[in-house]
Amino acid sequence: MKNFLEKLNERFDSWKNKPWIKGLNITSYVFWNLLLIAFVVFIALGLFAGGAGAGYFMSLVEDQEAYSKAEFENQVYNYEEISGIYFDEGEFLGEIPARLERKERPLEEMSDHLVNAVISTEDEYFYEHEGIVPKALLRAVYQEVSNSSTQTGGSTLTQQVVKNQLLTNEVSFERKAKEIALALRMEHYFEKDAILEAYLNIVPFGRNSDGRNIAGAQSAAEGIFGVDVSELNPAQAAFIAGLPQNPYIYTPFAQGGKVKSDMEEGLARMERVLGNMRDNEFITEEEYQTALDYDIKANLAEPQGSIVENYPYLTYETQRRASDIIRNDLIDKAGVDLDSMSSEERRETIGQYQTQAESELALGGYNVHITVKKNIYDAMQEAAANSQWYGPDRQVKGSVEQEQVGAMMIDNQNGAILSFVGGRNFDQNNLNHATQSYRQNGSTIKPLLDYAPAMERGLVQPGTILPDVPGDYENGDGSYKNYGDSYQGFVSVREGLVESRNSPAVRTFERMEKETARQTLLDLGFDNIGPNEPYPSAAIGGLTNGTTVETNTNAFAAFGNNGNYNDSYMIQRIETKDGETIYEHQTESREVFSPQTTFLTVDILRDVLGSGGTASSLPGMMNFGGDWAGKTGTTDDTHDSWFVGFNPNVTFGIWIGYDTPQEISNYYKGLGYGARTQQIWSDYMNAAYEAEQESEESVFGLDDRFQQPDGIVRQTICGITGKLPTSECSNAGFTTTDYFNEQYVPTETGDGLQQELFVTINGARYQAYDSTPSAFTRSGISVEDDLFDAEGISEYLPEEWQDVAPDRQAPDNGRTPSPVANVSFSGNSVTWSPHRDGDIVGYRIYRSNGALVGSIRADGTTSFNAGSGSYFVTAVDSRGRESSQSATARRYINTDDNDEDNSGGTNEEDNTDNDSSDSGSQDQNGSDETENSSDNNNEQNGSNGEDNNTSSPESSDQENGNDTSSGSEDNDESESDTEDNT
């Protein structure tokens, strides 16, 4: 062996020196050196590429904030979660509409099948990696660079959490680099289960059975299968776990919630997830086959109907009010000073915070508790939907408008909104007519702005007498009149309010200082008034911008709360999803009216529902009793009809009308518009009453009554003077008894109330002079002049006031009247024109021979029923001065015997009385002429004897007339008396 090796070595040595062997050695040497050089270059290039890649990666993430653990928790676990609404007694109403529905649940309350399905499909190495899987990332990068048709993705669950909560959905290397960096950092801070819980509460899952977008496992389980997330079976879990890859392709529901006719892609995805679960041994082969046989389509959830569908008006009203609260809180926390901004800047700023508040409310996971009582609200909505008392539909600009309704019920003690009706059909008209529609409130304003403030300041009391005649506003801006042009001349405050008369309301309002009236409106919540309001027209409902049903109703609630006003509210409190209360309403009352004024007003408004009141039919429509008061209201041209009723506990107001202002049907289905309004009010309240019967304690409190406070007395006064009655007032029957605030009870006895003679000139009454002929006077009761300040009041006085006159002297121009003009015959009557002087008290009618045949007061007719013959007329003024005779009017008739026509058709006068004096023939009735009758309104006066200073222009004779000393207006009751003429 040794020899063999030696020989072999010698052989190699001999080859070494051969030329071809020397060449091979040189080549291998060179190749080896080149290989070493190439390896060094490759390493250098790798290090360079790695450094460049690392540098590039760092450049991509250099501006990304390095979150601390607390910042991660705030950003990642602050889920956008839907907010809920709860009724007064804590019953869940529904979720506030949001662009995405999400409900948070902890991991331990989720189905294990869902957890296993997600891990086996989305991230099978979840519990092993540190936030990323390099192999998966390289594969994803390769597929992206090569534009491969297969895109498997490379994101772990951790990366998906980061993308959804911290980054955008932008497709770029920069976003991916930041995702990787943040995922690695997140894994450093949090346990795996915490990350998995975040994923299952964040990831979107397509649509639910109502067609709304959903995110989070709980919303997916409820919205797709109608079960809790803890109850998902393997098939359901696999179907849900497969959705996040392409949620709107795999979702079983189309827009609107309709089930897709083709669900093959979603079912195929579910099958792949089930296969992954089986391969990872999360389910057995048997469970796998059972899951494949599960009928997904047959077990989909039925549409639940959104809160907007079931409670549209209530949902949006809650959303609007809660957003305003959050907006104001955001502005306060930001320290924004709105008062220092221009109007445009202020509007923009509020708009920005409003948008932020609406988003925060929708997705902040709040619990909003409202004051509305579910049983009453539901009952009223049903009554509103079924009422048969709405007016007819109207055509407006090519579209149909319904007669609309708005109604509001408020708790008097704190201002809580207990219920409302926003309209008849939200789908046709989504305007909330209870809270957002501004309308004129008509006569409902009268107790609020006119009578209660005036009584508070002692300007009037329920028994105060006021003129009831048409008039002009004191600022010259138009005139006012009562409905139907019906007037009483004088009415008490109680009568004026109960009968809803405009004239006494305006006159009461005009007794107040404007600032007093304005402050009253503001104190009662009417904050939509202009800077110069209220104008006099506001006294009968003429507010420039109108008001809402809520504001008007809440103002009346002060009468039910002893004169104390509370702002109305519907949001009781707002809580975070963790139970922290971020807002709670605090009731702050303010006294607007004293208890005494409140009681007086309430007592009058009780009578509105009584005999003679404008709502006298209402009690017969109600299925319940109690101590109720209220006020009706109608606006110009009958565009709006109102009724607000209240008892010691609740106030309920209602309005009907058309959105485009137009006349309400005056008479429809057998009822006038006022009665229809009251019938609808009653229907709603009857429904609410029935619903409250099941409650342990009804909010109505029907056994409670308004209590009379200290400081209220009943006092008898003279209804004419408003002061303590004199014997003359009592004897004349003009006393009245009513409630008074004892602070304003009259202490003086009325002066000047005594029997006096008066005359009427141009519709106004005046005291007669001693020289005024008695034929033109009446006997009556004298009262203070200022009570008759209203123009034309005499023509509107009631029968019992016909003998009442002001304590003021008649006008006297100091000259004898000029002759009466245009005296002629018209049929059987002598007629003439009214005298132009302003102090004429009456007219005398004479025969041409100077015989006085009648007297007519100036407030009567300008005609006299006369027989045949010749007549002239004179005018008499307040001092008794008589004009010279007028032109003569003649009328002749034929006689039966020996009449001869001597004048071309003019017949002779029949002279049967031979006791004629003067040159002319005396009338056949002579001094007993009594042709005037009640039918032609001729008055033949002289009951008290005419003053002896009065003289006839031709002769003395009798003057016959009606005795009116009894106060009767009946012209058939007449007596002939003698006038002493000298």
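Residues numbered from 1 in each chain as written. Predicted model: local features only at pLDDT ≥ 70, side-chain atom pairs only at ≥ 80, totals over all residues. Heavy atoms only, no water.

1. Quick word on the pairing of strand β33 (residues 852-857)
Counting buried residues along β33, 6 of its 6 residues qualify, which places the element largely inside the surrounding structure. Where strand β32 (residues 840-847) hands over to β33, the hairpin turn is made up of 4 residues, of which Gly-850 adopts a positive phi near 90°. (Buried < 20%, exposed > 50% of the residue type's maximum accessible area, 1.4 Å probe, protein only. Helix = DSSP H or I, 4+ residues; strand = E, 2+ residues; numbered from the N terminus. Pairing = 2+ DSSP bridges.)

2. What to know about the sheet that holds strand β9 (residues 404-411)
The antiparallel open sheet is built from 5 strands, whose spatial order is β10-β9-β21-β20-β19. The strands lining the two open edges of the sheet, one partner per strand, are β10 (417-421) and β19 (629-634). Averaged over all adjacent pairs, the angle separating strand axes in this sheet is 10°, with direction ignored. Note that β9 and strand β21 (residues 650-657) share 8 bridges and pair antiparallel. Its bridge partner being in β21, Asp-411 is matched across the sheet by Val-650. Relative to the sheet, helix α17 (residues 374-386) contacts β9, β10 and β21, its axis offset from that of β10 by approximately 15°. In the packing of helix α23 (residues 595-608) onto the sheet, the strands contacted are β19 and β20 (640-646), and the crossing angle to β19 comes to about 65°. (Axes fitted to C-alpha atoms, helices over the stretch in contact; angles between N-to-C directions. Contact = heavy atoms within 4.5 Å.)

3. Looking at unusual backbone geometry
A cis geometry characterises the amide bond from Glu-533 onward to Pro-534, with omega recorded as 10°. Examined against the element boundaries, Pro-534 turns out to sit in the loop between α21 (514-523) and α22 (549-557). For Asn-562, which is not glycine, the phi torsion reads 60° and is therefore positive. Residue placement: Asn-562 occurs in the loop between α22 and β15 (564-565). Of note in the backbone geometry, Lys-669 takes a positive phi value of approximately 55° without being a glycine. Take Lys-669: it is sitting in the loop between β22 (667-668) and β23 (671-672).

4. A closer look at the side chain of Thr-315
Along the chain, Thr-315 turns up in helix α15 (residues 312-334). Judged by its relative accessible area of 0%, Thr-315 is buried. Dropping the residues within four chain positions of it, Thr-315 is found in contact with Pro-97, Ile-307 and Val-308.

5. Quick notes on the packing of helix α4 (residues 112-122) against helix α12 (residues 264-279)
Look at α4 against α12: their axes get within 8 Å of each other, and the N-to-C directions meet at 95°. Classified by the angle their axes make, α4 and α12 are roughly perpendicular. Note on element contacts: α12 touches α4 through Arg-269, Val-273, Asn-276 and Met-277, opposite His-113, Asn-116, Ala-117, Ser-120, Thr-121 and Glu-122. (Parallel < 35°, antiparallel > 145°, perpendicular 65-115°, else oblique.)

6. Some points on the packing of aromatic side chains
Across all of its chains, the model carries 26 aromatic pairs by this definition. Aromatic side chains Phe-556 and Phe-646 sit 6.3 Å apart centroid to centroid with 45° between the ring planes, which places their arrangement in the tilted category. In this pair, Phe-556 is assigned in helix α22 and Phe-646 in strand β20, connecting sequence segments 90 residues apart. Taking the relative accessible area as the measure of exposure, Phe-556 reaches 0% and is therefore buried. Judged by its relative accessible area of 0%, Phe-646 is buried. Taking NZ or CZ as reference, Arg-808 lies 4.9 Å from the ring centre of Tyr-766, over its face. Just above the ring of Tyr-769 sits the side chain of Arg-879; from NZ or CZ to the centre is 3.7 Å. (Phe/Tyr/Trp six-rings, centres within 6.5 Å; stacked < 30°, edge-to-face > 60°. Lys NZ or Arg CZ within 6 Å of the ring centre and 35° of its normal.)

7. Some points on the confidence of the model for the chain
Per-residue confidence for the chain gives a mean pLDDT of 82; residues scoring 70 or more make up 79%. Confidence over residues 52-62 falls short of pLDDT 50; this stretch has 11 contacts with residues more than four positions distant or in other chains. Between residues 895-982, whose pLDDT stays under 50, and residues either more than four places distant or in other chains, the model counts 180 contacts. (pLDDT = per-residue confidence, 0-100.)

8. Observations regarding the sheet that holds β33
Read from one edge to the other, the open sheet built from 4 strands follows the order β33-β32-β35-β36, with strand pairing classed as antiparallel. Pairing within the sheet leaves two strands with one partner each, and these edge strands are β33 and β36 (889-891). Pairwise comparison of adjacent strand axes, ignoring direction, gives a mean angle of 25° for this sheet. Examined bridge by bridge, β32 and strand β35 (residues 869-877) share 7 bridges and lie antiparallel to one another. Looking at the pairing, Gly-842 lines up with Val-876 of β35.

9. Focus: the nonpolar core
The biggest cluster of nonpolar side chains holds 80 residues, and the ones touching the most others in it are Met-409 and Tyr-684. Take this core: its biggest share by element is 9 residues, from helix α24 (residues 673-692). Two domains share this core, each providing at least three of its residues, namely domain 3 (372-439 + 548-588 + 602-709) and domain 4 (445-543). When residues no more than four places from it in sequence are discounted, the contact partners of Tyr-684 are Met-380, Ala-383, Ala-384, Tyr-390, Val-405, Ala-407, Val-421, Phe-652 and Ile-654. (Core = buried A, V, L, I, M, F, W, Y, C linked by side-chain atoms within 4.5 Å. Domains from an automatic or database assignment.)

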